[in-house]
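Fold and contact review
Okay, here's what each chain looks like letter by letter:
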Amino acid sequence: MTAVPPATLPPLVEIAATALFALSGALLAARLKQTFVTASFFALVTGVGGGTVRDALLNVPAFWLNDMWIAPAILATALLAWFTPHRWWEGRLLEWADAAGLASFTVLGTTKALALGVAPVPAAILGVVTGCAGGIIRDVVAGVPSIIMRPEIYVTAAALTAGLVVLLAALSVPSALAWIVAGMAGFALRGAAMIWNIQLPAYSRGN
Amino acid sequence: MTAVPPATLPPLVEIAATALFALSGALLAARLKQTFVTASFFALVTGVGGGTVRDALLNVPAFWLNDMWIAPAILATALLAWFTPHRWWEGRLLEWADAAGLASFTVLGTTKALALGVAPVPAAILGVVTGCAGGIIRDVVAGVPSIIMRPEIYVTAAALTAGLVVLLAALSVPSALAWIVAGMAGFALRGAAMIWNIQLPAYSRGN
Amino acid sequence: MTAVPPATLPPLVEIAATALFALSGALLAARLKQTFVTASFFALVTGVGGGTVRDALLNVPAFWLNDMWIAPAILATALLAWFTPHRWWEGRLLEWADAAGLASFTVLGTTKALALGVAPVPAAILGVVTGCAGGIIRDVVAGVPSIIMRPEIYVTAAALTAGLVVLLAALSVPSALAWIVAGMAGFALRGAAMIWNIQLPAYSRGN
């Protein structure tokens, strides 16, 4: 697994995606009546969690160790969640920030795996893991039920995004277009699932 | 820690062990009334979790990123758990699949560590961690009590297997024989603990 | 990120810090009425957890795989927790062992990151993650509320230590002195928070 320099997303996307997930972490900490420092820590582990798991699996250093913008982005997000009026964050904003982070990190994970020479199917799986890991770590550390256990579609949205990234890459669709289409599709599916409460059929005992 | 090419198990064993743990993950997801996609995700993180932790600690890429059979094995296992009659999976089958995965991944973890030049004692410890990590990740993500906290023997069975692998290697026992003996011993101990409810003495306050 | 050979702490400090965290893990397992083997496993994952996460993020092999003293230190700690009179461990000893482990591993994590060429801010963040990860893993695997969710200062103490390590390094303070000052400051802050129940202001809804 040598580091070929192929199509990779601009660092700005990774920073924006980190900030989105970080926001969901800071909001959860605020909801759980934690302090600002703990909220910043939650912003950190949620924001960089998925990408860090991805990098550990790909056997490369964690992306945020060599990026000078990730730490300020995390801190700014925590300050934003902390000092803006509480009513901004009522309702499902935490879930929307999570949905955007899910779609973004799934694109980032799949793309980085493909860039490092991983085959399409494992690359897509790694993308799903990258997208879901941040939210799982946030929820497990906070001691709340993991978001992937919710009834509405979640992992499926990540799978749609990851599948589209590898499919469109195989069809030689220009990378930027493929990333936008794939990310938007997953975000739209997750959003629709949240709005209309769409669920896949659950396992039912009679079968 | 250079990658010497010594005695390693055939890839088939890793795929079979992954499928066994994956089965326990898919069965737990079904029991928790999750969807098929979530059940596949549980099959994945349980199936590859222990080996992935092992590879992250050994500082090599996750084994399943370069294996074209792991993903189909996970999917087939999830389909099997999903579409076969429910009564097949009643009782303790989840625990039996877990026990087989525990013994297999403990052998795989210890052997890979030895193959990469790790000393016997840390190699055995890494084997125990490899064996136990998949089930721990499955239970933590699902939000159920971790299997290692159960009263019956669990970590001890992994320790028996890992200890036998390093002991038999030190005695120059042929690798294939050593792996089978060590794996069977741990599986038998865990199985006996399940059948007869064997427990080690727990910490008691008076001491 | 090349492995320059700069100021690193003597291995003895890492072994002592591992033993301190390991003690907190063994004590929690005893409190939860687990067996000796499970208590040893908790001592292991708590003791080496933070440093292992650090090493996975830095993309180097886990420190304890090449250290012949970590395993005996873990075992000795588990035996100590198990066979000494129970009343020794009443009260908050678990929290004090955790506080000493927190300060020590935060110094170790920050220092190793700086030594591997990570910039000061991400190095300090990695130090905080290193310090907190062991206790988080211990609590999550045990199924008890994570220590970082407690009302008293915790993450803040790690942040103080990590900040002092990078600040004193930037001021060219001799390494040994910097490590002691930084570690003591974080330990004292955490200790004071435990004794006088010091809390930072929590998020309050009106804002």
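Everything numeric here is computed off the predicted structure, so don't read it as measured data. Residue positions are given per chain, counted from 1 along the sequence in the order it is written. For naming, the first written chain is A and the first written ligand is 1, with later ones following in the order written. At least 70 in pLDDT is required for a residue's local features to be given in this predicted model, at least 80 for side-chain atom pairs to be given and counted, and no such filter applies to totals for whole chains, interfaces and linings, which use all residues. As a rule here, side-chain values cover all heavy atoms of the structure and leave hydrogens and water aside.

Strands are runs of DSSP state E lasting at least 2 residues, helices are runs of H or I lasting at least 4, and numbering of each runs from the N terminus. What chain A contains, in helices and strands, is seven helices and zero strands. Listed by position from the N terminus, the elements making up chain A come as α-α-α-α-α-α-α. Both definitions apply: the radius of gyration is a C-alpha atom measure, and the globule rule equals 2.2 Å times residues to the power 0.38. By the compact-globule yardstick of 17 Å for 207 residues, chain A fits well, its C-alpha radius of gyration being 17 Å. Exposure categories follow from relative accessible area, calculated using a 1.4 Å probe and restricted to protein chains: below 20% of the type maximum is buried, above 50% is exposed, and the middle band is partly exposed. Put simply, chain A has 207 residues, and 59% of those count as buried. Intrachain contacts of chain A at a sequence separation of at least 6 include 78% that bridge at least 24 residues. Residues are treated as being in contact if the distance between any of their heavy atoms lies within 4.5 Å.

Locating A:F36 in the fold gives a position in helix α2 (residues 36-58). Sequence spacing of A:F36 and A:A78 is 42 residues, and the spatial spacing of their C-alpha atoms is 7.6 Å. Among all residues touching A:F36, those that are not within four sequence positions of it are A:L75, A:A78, A:L79, A:W82 and C:P201.

Turning next to the interface of chain A and chain B. Counting from both sides, the interface comprises 26 residues of chain A and, opposite them, 29 residues of chain B. Taking both sides of the interface into account, the surface hidden between chain A and chain B amounts to around 2500 Å²; carbon and sulfur atoms contribute 70%. The largest contributions to the chain A side of the interface with chain B come from A:L57, A:M149 and A:Y203, which together make up 29% of the buried area. Salt bridges, as used here, are contacts in which a Lys or Arg side-chain nitrogen is within 4 Å of a carboxyl oxygen on Asp or Glu. Seen at the junction of chain A and chain B, the total is zero salt bridges. In the analysis that follows, any N or O atom pair within 3.5 Å is treated as a polar contact, provided that within protein one partner can donate a hydrogen and the other can accept it, and provided that, for residues neighboring in sequence, both atoms belong to side chains. Counting across the interface, chain A meets chain B through three residue pairs in polar contact (both at pLDDT 80 or more). Only α2, α5 (120-142) and α6 (155-170) of chain A provide two or more residues apiece to the side of chain A that touches chain B. No other element matches the nine residues that α5(A) contributes to the side of chain A that touches chain B. Classification used: nonpolar for Ala, Val, Leu, Ile, Met, Phe, Trp, Tyr, Cys and Pro, charged for Asp, Glu, Lys and Arg, polar for all others including Gly. Residue composition of the side of chain A that touches chain B, grouped by class: 20 nonpolar, four polar and two charged. The term buried area refers to how much accessible surface (probe radius 1.4 Å) is lost by two components on association, counted for both of them together.

It is worth spelling out the relation of the copies chain A and chain C at this point. To superpose the copies, least squares is applied to the C-alpha atoms of every residue with a pLDDT of at least 70 in both. With an RMSD of 0.0 Å, the operation that places chain A on chain C is a rotation of 120° combined with a shift of 0.0 Å along the axis. The superposition operator between the copies reduces to a three-fold rotation axis.

Residue and element names in this part refer to chain B. Position of D67 among the secondary structure elements: in the loop between α2 (36-58) and α3 (70-83). Classification of D67 by relative accessible area gives buried; the value is 15%. Expressed as a C-alpha distance, the spacing of D67 and I125, which sit 58 residues apart in the sequence, is 25 Å. At 2.7 Å, the side chain of D67 forms a polar contact with the backbone nitrogen of W69. Among the polar contacts made by the side chain of D67, one reaches the main-chain amide nitrogen of I70 at a distance of 3.3 Å.

Turning next to the pattern of salt bridges. Residues and elements named next belong to chain C. This model, assessed by the stated rule, comprises 21 salt bridges over all chains. Residue D55 pairs with R54 through a salt bridge whose shortest N-O separation is 2.8 Å. Note on D55: relative accessible area 0%, which makes it buried. For R54, a relative accessible area of 1% puts it in the buried group. E152 serves as the salt-bridge partner of R190, at 3.2 Å between the closest nitrogen and oxygen. Residue R190 is found in helix α7 (residues 175-196), and its partner E152 is found in the loop between α5 (120-142) and α6 (155-170); the two are separated by 38 residues along the sequence.

To continue, consider a nonpolar patch on the surface. Residue and element names in this part refer to chain B. Together, W96, I195, W196 and I198 line one region of the surface with nonpolar side chains, adding up to about 430 Å² of accessible area. Its place among the elements puts W196 in helix α7 (residues 175-196). Looking at W196, the relative accessible area reads 63%, which means it is exposed. A patch consists of residues exposed above 30% relative accessible area that lack any salt bridge, with like charges linked at up to 9 Å and nonpolar side chains (Val, Leu, Ile, Met, Phe, Trp, Tyr) linked at up to 5 Å. Using the Shrake-Rupley algorithm and a 1.4 Å probe, accessible areas are obtained, with residue cover drawn only from the displayed protein chains.

All names here are of chain A. Its 23 residues place the ends of α2 33 Å apart at the C-alpha level, agreeing with the 33 Å of an ideal helix rising 1.5 Å per residue. Of all bends in α2, the biggest is about 50°, found at G49. Buried residues dominate α2, accounting for 20 of its 23 residues. Each residue after the first adds 1.5 Å to the expected span of a helix. The bend at a residue is defined as the angle formed between two axes, one fitted to the seven residues ending at that residue and one fitted to the seven starting there.

Another point: the side chain of B:D139. Inspection of the secondary structure assignment puts B:D139 in helix α5 (residues 120-142). Look past the residues within four positions of B:D139 in its chain and what remains in contact with it is B:L28, B:V144, B:P145, B:S146 and B:I147.

So, on to the UniProt feature "domain: Glycine transporter" (unreviewed entry) in chain A. All names here are of chain A. UniProt annotation of "domain: Glycine transporter" (unreviewed entry) refers to residues 13-84 and 96-169 when read in the numbering used here. In this annotation, residues 13-84 is assigned 78% helix and 0% strand; the end-to-end C-alpha distance for the span is 24 Å. Secondary structure over residues 96-169 splits into 78% helix and 0% strand, and the C-alpha atoms at its two ends are 27 Å apart. UniProt positions are given in the numbering used here, feature names are shortened, and annotations may be inferred rather than shown by experiment.

Over its 16 residues, helix α6 (residues 155-170) of chain B runs 23 Å from end to end, which matches the ideal 22 Å to within 8%, given 1.5 Å per residue. Restricting attention to buried positions, one finds in α6(B) the residues B:V155, B:T156, B:A157, B:A158, B:T161, B:A162, B:L164, B:V165, B:V166 and B:L168. Structurally, α6(B) contributes buried residues whose contacts are with α4 (93-115), α5 and α7 of chain B together with α2 (36-58) of chain C.

All names here are of chain A. Residues annotated in UniProt with the feature "transmembrane region" (unreviewed entry) correspond here to residues 12-29, 36-57, 63-84, 121-141, 153-171 and 177-198. Secondary structure over residues 36-57 splits into 100% helix and 0% strand, and the C-alpha atoms at its two ends are 31 Å apart. Helix makes up 91% of residues 177-198 and strand 0%, and the two end C-alpha atoms of the span are 27 Å apart.

Here the focus is the interface of chain A and chain C. Note on interface size: it is often stated as the accessible area lost on association of the parts. With 29 residues of chain A in contact, the opposing surface of chain C contributes 26 residues. Summed over both partners, the interface of chain A with chain C buries about 2500 Å², with 70% contributed by carbon and sulfur atoms. Together, A:F41, A:L65 and A:H86 form the three largest contributors to the area buried by chain A at its contact with chain C, with a combined 24%. At the surface where chain A touches chain C, the tally comes to zero salt bridges. Between chain A and chain C we count three residue pairs in polar contact (both at pLDDT 80 or more) in total.

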